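Residue-level structure breakdown
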Amino acid sequence: MRKIITILLLCAPLSAYAQLTAPTRDYALPTTALTGNIDSVFVFYDDAIMTLTATQPNGHNAEFTWRKLDIDAASLDLYHQESGVIASTISDITEGGYQVAVRDLDDLTAAIDTFTAWVFRDTFSINSISYEIECDVLSLRMHTSPDILYEPYIIYNFPPNTGRVYLNQVQSVEWAPIDGAGQEISDDVFFPNVENPATGWRTNLSLFAFIDNPPPLCESPFRFRLVVTDVFGKSATYTMPNTINAISVMANPTIEAYVDNTWRDTEGLPHGEALYQLHFKHDKSANANHYQWKGFANAQQSSADRTLLWSESSTNSNAIIPSNPSIGEQYVGTLTNGDKYIGYTPGSYLVRLTVRNNVCVDSASVEYITVEPSSLDPKSIPNAFTPGKTVNNIFTFVKGEEPISMKYIYVYIYNRSGGMVYRYEGRYDAWEGWNGRMMNTGADVSEGVYYYVISGQGWDDIPYNTKQYSGYLHLFR
């Protein structure tokens with residue numbers, strides 16, 4: 001079937017072309033003529049009866065001579081003629097170019113008016129949607145009649161001549177993923193846990209749509225509803241009969257740190273001191289059924305120089321991993337809510353999450369987890385305390401100046417005669433401080449000046465035995 005089209009201008013009212021109209025048309029627009037005057041194009045949808053009506057401008061009786069363009073012969077052939085009426089209508093016509101000459105029978109000296117119109121049958125429809133789904137992209141293609149991207153259209157104008165162009169006939173495209181009930185699927189369901197998915201595929205004005213940033217991650221089967229409007233205002237809607245299952249996966253690791261007696265999401269790059277208590281969670285990953293975590297030391301080195309510290313797998317999307325990593329000496333305990341402490345020694349670490357399903361795999365890394373090297377600052381040791389009072393009643397390190405990443409601490413306190421009144425040797429995180437009693441359990445020691453000696457050992461195994469800190473401590477009651 002030959003198609004009639006023109007180079008399009010913005011669709012404007014056709015009041016300037018009132019002498020030649022199409023009462024049953026669905027759409028109208030002007031042409032941009034290659035030569036000659038601007039004509040009208042009348043568009044009829046599907047099986048609508050195509051009709052043209054010419055009217056004598058001043059209401060006089062007239063003779064109407066209709067001609068139709070013969071494309072092959074490039075000529076105008078007589079189509080219909082009638083006389084003694086003020087209007088003439090030709091009905092059930094076919095596509096093509098039509099010209100009508102109007103002769104005023106009440107004023108034979110008047111010039112003969114000639115009007116031209118173009119009739120186009122718009123049968124645009126969507127036949128089907130085909131697709132190819134891979135791990136990194138879902139590609140969709142609409143199949144239309146006619147092929148809106150590659151159909152050659154003929155440009156007509158008077159005097160009769162033709163030229164062929166390849167024209168994309170799309171004016172708007174609306175791709176929409178829908179569920180089994182026909183309801184549109186929102187972006188946060190179609191791309192779970194993706195903050196700003198690219199959605200240009202929804203209105204890309206072509207036969208194709210590529211969903212790849214990221215590809216669909218919806219865990220439930222989905223279909224597509226497609227609504228296309230062509231340049232002649234005709235809309236067509238098509239809904240896929242069969243569903244698609246997303247096969248892509250997305251690794252989205254998140255980290256929680258145990259800070260101030262609560263677990264909280266880390267912002268930016270995780271950074272803390274030993275024992276650094278962390279959760280590695282993968283519940284924001286998408287469309288996966290297997291999760292593997294690996295922790296590496298020497299994170300800032302090349303991949304070949306990194307040391308694998310632990311590896312743990314799970315099929316539970318809500319799992320907290322690792323449950324029991326082997327990272328040198330560790331401390332693993334259970335909180336009242338069942339969460340886990342995870343211990344790291346000082347250094348830099350890389351943690352990689354790899355997720356997969358039965359088809360696809362994806363990985364993402366957290367770089368870098370930094371655990372501060374051990375240190376014991378003498379500014380953290382107070383020089384006075386007041387046992388029995390409501391504040392400052394325990395001899396312990398000053399808050400905000402505490403030792404960093406310390407593993408063991410050794411604290412000895414002597415009276416003025418050299419007698420030991422307090423001793424602690426053990427884990428730094430278990431030290432509760434001196435309460436002012438003999439060995440913390442006996443009688444209260446007297447008010448006065450005492451002498452302390454403090455040393456320790458860091459989680460990086462740096463001993464502080466040669467870096468003893470000593471000084472005088474004033475006890476007030």
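Heads up: the structure comes first, above all this text.
How each quantity is defined
- Residues numbered from 1 in each chain as written.
- Predicted model: local features only at pLDDT ≥ 70, side-chain atom pairs only at ≥ 80, totals over all residues.
- Heavy atoms only, no water.
- Helix = DSSP H or I, 4+ residues; strand = E, 2+ residues; numbered from the N terminus.
- Buried < 20%, exposed > 50% of the residue type's maximum accessible area, 1.4 Å probe, protein only.
- Pairing = 2+ DSSP bridges.
- Phe/Tyr/Trp six-rings, centres within 6.5 Å; stacked < 30°, edge-to-face > 60°.
- Salt bridge = Lys/Arg side-chain N within 4 Å of Asp/Glu carboxyl O.

Take unusual backbone geometry next. Geometrically, the link from asparagine 213 to proline 214 is a cis peptide bond, its omega value of 0° lying close to zero. Relative to the assigned elements, proline 214 resides in the loop between strand E16 (208-211) and strand E17 (223-230). With phi around 50°, aspartate 46 is a residue other than glycine that occupies positive phi space. Tracing the backbone shows aspartate 46 in the loop between strand E4 (40-45) and strand E5 (52-55). The exposure class assigned to aspartate 46 is partly exposed, which follows from its relative accessible area of 35%. The phi angle at methionine 439 is positive, at roughly 55°, despite the residue not being glycine.

One open sheet holds the five strands; their spatial order is E28-E32-E31-E29-E30, and the pairing between them is mixed. Only two strands of the sheet have a single neighbouring strand rather than two, namely strand E28 (384-385) and strand E30 (420-427). Pairing analysis gives two bridges linking E28 to strand E32 (residues 469-475), with the strands arranged parallel. Within E32, the residue paired with alanine 384 across the bridge is histidine 474.

Okay, the pairing of strand E31 (residues 448-458) next. Note: strand E29 (residues 406-414) against E31, eight bridges, orientation antiparallel. Within E31, the position partnered with tyrosine 410 by the bridge is serine 455. Pairing of E31 with E32, which is carried by seven bridges, proceeds in the antiparallel orientation. Note on E32: the bridge partner recorded for valine 449 is histidine 474.

What follows is about the sheet that holds E5. Spatial strand order, E2-E5-E8: three strands in an open sheet with antiparallel pairing. Each edge of the sheet is formed by a strand with only one pairing partner; in this case those strands are strand E2 (20-21) and strand E8 (87-90).

This part is about the packing of aromatic side chains. We describe a pair of aromatic rings using the distance from one ring centre to the other and the angle between the two ring planes. Under the counting rule described, the total for this entry stands at 19 aromatic pairs. Here the aromatic rings of phenylalanine 385 and tryptophan 434 are separated by 5.4 Å at their centres, their planes lie at 45°, and the arrangement is tilted. Linking phenylalanine 385 in strand E28 with tryptophan 434 in the loop between E30 and E31, this pair joins segments that are 49 residues apart in sequence. As far as the burial class goes, phenylalanine 385 and tryptophan 434 line up, both buried. What links up through ring pairs into an aromatic cluster is the set Trp175, Phe190, Phe191, Trp201, Phe222 and Phe224.

Quick look at the pattern of salt bridges now. It is possible for side chains bearing opposite charge to pair when their charged atoms get close. If you walk through the whole model with that rule in mind, you get seven salt bridges. Note that lysine 234 and aspartate 46 form a salt bridge whose closest N and O atoms lie 3.5 Å from each other. Note that lysine 234 is positioned in the loop between E17 and strand E18 (235-239) and aspartate 46 in the loop between E4 and E5, a separation of 188 residues in sequence. Between glutamate 256 and lysine 281 there is a salt bridge whose closest N-O contact spans 3.5 Å. Here lysine 281 lies in strand E22 (residues 278-281) and glutamate 256 lies in strand E19 (residues 254-259), a separation of 25 residues in the sequence. Taken as a pair, glutamate 256 and lysine 281 share a single burial class, namely buried.

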